[in-house]
Amino acid sequence: MNNDKVLSIYELGIIKTSLRERLITVEEVKYYRVTEEDKERVNKDVDAFKLQLMEIKDKIEVMISSQLDETSQ
């Protein structure tokens, strides 16, 4: 990656893909790898983390759209 403060569309796409994979992993943890006694606490933590990831993913999508618009002009 460059040292500048602007990410390329390619870099943003990689981040978006990583976030999608991370969300899938988070869901797997929530449903398959938690003991019954920890389930409520973990579900709350996982849901909060999932929301944070989704917010980042949304920001990345906006950045991609903006850069595509700038490139097409």
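Residues numbered from 1 in each chain as written. Predicted model: local features only at pLDDT ≥ 70, side-chain atom pairs only at ≥ 80, totals over all residues. Heavy atoms only, no water.

K.L.:
Is there a simple way to think about the side chain of Gln67 in this case?
P.N.:
Relative to the helices and strands, Gln67 resides in helix H2 (residues 39-72). Filtering out sequence-adjacent residues up to four positions away, Gln67 remains in contact with Val6, Leu7, Ser8, Ile9 and Leu12. (Helix = DSSP H or I, 4+ residues; strand = E, 2+ residues; numbered from the N terminus. Contact = heavy atoms within 4.5 Å.)

K.L.:
Looking at this model, I keep getting lost on the environment of Val62. Mind explaining?
P.N.:
Within the secondary structure, Val62 is located in helix H2. Looking at Val62, the relative accessible area reads 52%, which means it is exposed. When the C-alpha atoms of Val62 and Arg20 are compared, they prove to be 15 Å apart, with 42 residues separating the residues in sequence. (Buried < 20%, exposed > 50% of the residue type's maximum accessible area, 1.4 Å probe, protein only.)

K.L.:
Would you mind going over the pattern of salt bridges with me for this structure?
P.N.:
Two side chains bearing opposite charge may form a pair once their charged atoms approach each other closely. Scanning all chains against the criterion turns up three salt bridges. With a closest N to O distance of 3.3 Å, Glu61 and Lys57 form a salt bridge. One end of the pair is Glu61 and the other is Lys57, both in helix H2 and four residues apart, which spans about a single turn. Since its relative accessible area comes to 28%, Glu61 is described here as partly exposed. Residues joined by salt bridges that share partners form a network here, namely Lys16, Lys57, Asp58 and Glu61. (Salt bridge = Lys/Arg side-chain N within 4 Å of Asp/Glu carboxyl O.)

K.L.:
Where do I start with the environment of Leu68 in this structure?
P.N.:
You can see Leu68 is positioned in helix H2. Residue class for Leu68 comes out partly exposed when judged on its relative accessible area of 44%. Residues Leu68 and Ile9, spaced 59 residues apart in sequence, show a C-alpha to C-alpha distance of 7.5 Å.

K.L.:
What am I meant to see in the environment of Tyr10 here?
P.N.:
Take Tyr10: it is sitting in helix H1 (residues 9-32). When the C-alpha atoms of Tyr10 and Ile64 are compared, they prove to be 9.0 Å apart, with 54 residues separating the residues in sequence.

K.L.:
Can you help me understand H2 in this one?
P.N.:
An α-helical turn contains 3.6 residues, so any two residues separated by three or four positions project in the same direction. With 34 residues, H2 extends 48 Å from end C-alpha to end C-alpha; this agrees with the ideal 50 Å at 1.5 Å per step. Burial in H2 covers these residues: Val42, Asn43, Val46, Leu53, Ile60, Ile64 and Gln67. Lining the buried residues of H2 we find H1. (Expected span 1.5 Å × (residues − 1).)

K.L.:
Where do I start with the nonpolar core in this structure?
P.N.:
Nonpolar side chains in soluble globular proteins tend to be buried together. Among the nonpolar cores identified, the biggest contains nine residues, and these are Leu12, Leu19, Leu23, Val26, Val42, Val46, Leu53, Ile60 and Ile64. At five residues, H2 tops the list of elements feeding residues into this core. If we ignore the near neighbours within four places in the chain, the residues touching Leu53 are Leu19, Arg22, Leu23 and Val26. (Core = buried A, V, L, I, M, F, W, Y, C linked by side-chain atoms within 4.5 Å.)

Without other data, these values stay purely geometric and don't point to any function.
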